[in-house]
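# Structural features, examined
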Amino acid sequence: MNLISNIQTGIHQALQSAFGIDIDASSIKLERTLQDFKGDFTWVVFPYVKQARKSPEQTALEIGEYLLLHQFISEFNVVKGFLNIVLNESSLLDYFYSARHDASHFKTDFGKGKKVVVEYSSPNTNKPLHLGHIRNNLLGYSISEILKANDYEVVKANLINDRGIHICKSMLAWQQSGLNETPQSTGIKGDHLVGKYYVAFDRSYKSEISLLVGEGRSQEEAEKQAPSILLAQAMLRKWEANDVDTLKLWETMNGWVYEGFKLSYQRLGVDFDRYYYESNTYLLGKKTVQEGLDKHVFYQKDDGSVWIDLTSEGLDHKLLLRSDGTSVYITQDIGTAQLKFDEFQYDISLYVVGNEQDYHFKVLQGILKKMEKPYAHGIVHVSYGMVDLPSGKMKSREGTVVDADDLMDEMHAEARKIILERGKTEGMTQEQVEILCEVVGMAALKYYLLRVDPQKRLLFNPADSIDFEGNTGPYIQYTNARINSVILKSGETDDSRGYTRLVPAEKELILALHSYPSILIKAGEMHNPSEIANYVYDLAKRYNRFYYECPIAKDGIVKEAKCFRVALSKFTGETITECLRLLGIEAPGKM
RNA sequence: GGUCUCAUAGCUCAACUGGAUAGAGCACUGGUUUUCUAAACCAGGGGUUACAGGUUCGAUCCCUGUUGGGACUACCA
């Protein structure tokens, strides 16, 4: 049962009987009434006044009277063209008691029968993860969970960028150092160790460039002729020629990075069903190039390079194969799209990738459409904004990054400070306290990153630490812990339903709970976890107001009120816990 | 140069996709606990939604232009 569809039905009937207007009931838009007006839902009549041939006020009035007469609502008022509706209390309570025991309340069938591959994370293996990667990982994970709750069949995929000039740079610097450092010998986490050499490479590369520029070369020349880069390119050629020693070093160093990533992923709480390695996929797509040439979708220049003309799509000409016959990035992506489709027959293939690649994905989809691939329309780029620092964009090579592992450590330490201050850890072991610090610290971080619209870029200021009060992850966790505590103290309760005459705070809470399924669908449709984050904050806020105003399990409270309020608390707690789960955040029972 | 994108309170973000008087948090000022977890609750100040036009019953949202940020525009990945 759904409160909104009931009113939609009523308005639908009213429009028909009073004005002979016949529109789809589900297209009737209802909004929550603004705070300063009396009512629960508001219907805007302006769009219908032309057809009704009456003034907005008169139209709203007649619809309202119809709804009242046929007992869809308990009262209404009209302000200009806005029809404000007050619900029957009994229908609110009916809704509450049925939803609370409805096993499918936290699910929708929006994606039933559809398969979706969510590709996210997709790191390079030459450096550790930073804050930007955290945003990517959390978004990808959360979107996957939201889609699952909408009954999609989800495959989480990670395409690891394990080859190319970047990893050769780290390998070269490591080799040249002659130190034979390993994660074991240094105690440095593998991805950080490799990243250290990547930075070392860049430092010497830069100094070589400035030396050459000092000798009178142009910047561009110097960048191409610096000895380091020439050696790195030579190493890449050896790698591509399957040189044994190069491959061995490559495997060793990538192995260190994977060990490091594994720990970071675990701590972030993200996981994958399928890994793809670029070293296996970088030759894919060449077959497709031939197919495109045969179909005359692509064309070949005199030098042998292969191109596609996408000017009809508002894009440019794009290279698909170099004149030496090697493939480029887009060629690989064409190949992996096909590979994934062969493997999973997906309906939708999501790519959680930063917005700097907007153009790339337009091109990819444009190519696949021209090739008439059946999966072309299922390609969706979930584009998210960069995480910026006050100083500008993060750059790994220049060391202006917020390291993922460091940041998680800081969040843990910050949480510990606050938890010890609050002094609520009585009866907990040292180990339990540490777990709590981790869970709360990670909640602050995750919520901070997920509450903003993915499409917007996000500013992170390392100088002021992430909050634990107000609109934050810990606030929401706290609300749940509070609920948990009051339920424990309440003793036996039942659904006797003797309680009537809801106070505003209770009514607001039921209405907030009622909107959960529509939020879940919206978050899934828009691939947007911030919908869930903002919703659960609003829900927690309403609960805290209710908690402050209404005694729940205090001494002397009448049984009927207690039963209802405990039930309301339970349902709210379950909803909060589920929302947090969708965001990858744990909900501790006590904090 | 071309294409895309963003601009909302001192700061970080909302605004149900065109609806009423633009809302939260942080910060600031003041209040709430002999009673269920004060990481809470309540109140107050703070806005010409970058600027100028247009579209209509109605614009933060759509269109045009201006200004200012960012990204992309490699035979790199």
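Nothing here was measured: the structure is a model prediction, and the numbers come from that model.

Turning our eyes to something else, we now look at the environment of R217. Mapping R217 onto the fold places it in the loop between α8 (190-214) and α9 (219-225). According to the relative accessible area criterion, R217 is partly exposed, its value standing at 32%. Apart from residues no more than four positions distant in its own chain, R217 is found in contact with L212, A222 and Q225. Among the polar contacts listed, one links the side chain of R217 to the side chain of Q225, at a separation of 2.3 Å.

The environment of RNA strand B is made up of 67 residues, and the closest members are D303, K424, Y478, R482 and M526. Of all RNA strand B atoms lying within 4 Å of any protein atom, the proportion belonging to sugar or phosphate reaches 59%.

This paragraph deals with the packing of aromatic side chains. On inspection of all chains with the given rule, the structure shows 27 aromatic pairs. Where Y265 meets F272, the ring centres are 5.1 Å apart and the plane angle is 70°; that geometry is what we call edge-to-face. The exposure class of Y265 is buried, given its relative accessible area of 6%. On the basis of relative accessible area, F272 is assigned to the buried category, the value being 11%. Cluster of aromatic residues (ring-pair linked, three or more members): F96, Y97, F106, Y499, Y516, Y535, F564 and F571. Between R274 and the ring centre of Y276, over which it is positioned, the NZ or CZ distance is 4.1 Å.

For chain A, the assigned domains read domain 1 (3-87), domain 2 (120-388) and domain 3 (404-582). Here the C-alpha centroids of domain 1 and domain 2 sit 54 Å apart.

Further remarks concern helix α18 (residues 473-490). Between its first and last C-alpha, α18 extends 26 Å over 18 residues, near the 26 Å set by a 1.5 Å rise per residue. Here α18 has its buried residues at G473, P474, Y475, I476, Q477, T479, N480, A481, I483, V486 and S490. Next to the buried residues of α18 lie α17 (430-450), α21 (530-549) and α22 (559-582). Near the N-terminus of α18, the side chain that reaches the backbone nitrogen of Y475, with its oxygen 3.2 Å away, is that of T472. Among the residues trailing α18, G491 stands out with phi positive, at a value near 75°.

Take the sheet that holds strand β9 (residues 306-309) next. Across the sheet, 3 strands lie side by side as β8-β9-β10; this open sheet has antiparallel pairing. With partners counted over all chains shown, the strands left at the sheet margins are β8 (298-300) and β10 (317-321), one partner each. Neighbour to neighbour, the strand axes of the sheet diverge by 35° on average, direction disregarded. Bridging between β8 and β9 involves 3 bridges; their strand directions are antiparallel. Within the sheet, the bridge partner assigned to F298 lies in β9 and is I308. Taken strand by strand, helix α13 (residues 286-294) contacts β8, β9 and β10, and its axis lies near 90° from that of β8. Packing of helix α15 (residues 358-370) onto the sheet brings it into contact with β8, β9 and β10, and relative to β9 it is tilted by some 90°.

Parameters and conventions
Residues numbered from 1 in each chain as written. Chains lettered and ligands numbered in written order. Predicted model: local features only at pLDDT ≥ 70, side-chain atom pairs only at ≥ 80, totals over all residues. Heavy atoms only, no water. Helix = DSSP H or I, 4+ residues; strand = E, 2+ residues; numbered from the N terminus. Buried < 20%, exposed > 50% of the residue type's maximum accessible area, 1.4 Å probe, protein only. Contact = heavy atoms within 4.5 Å. Polar contact = N/O pair within 3.5 Å; in protein donor to acceptor, adjacent residues only side chain to side chain. Near = heavy atom within 4 Å. Phe/Tyr/Trp six-rings, centres within 6.5 Å; stacked < 30°, edge-to-face > 60°. Lys NZ or Arg CZ within 6 Å of the ring centre and 35° of its normal. Domains from an automatic or database assignment. Expected span 1.5 Å × (residues − 1). Pairing = 2+ DSSP bridges. Axes fitted to C-alpha atoms, helices over the stretch in contact; angles between N-to-C directions.

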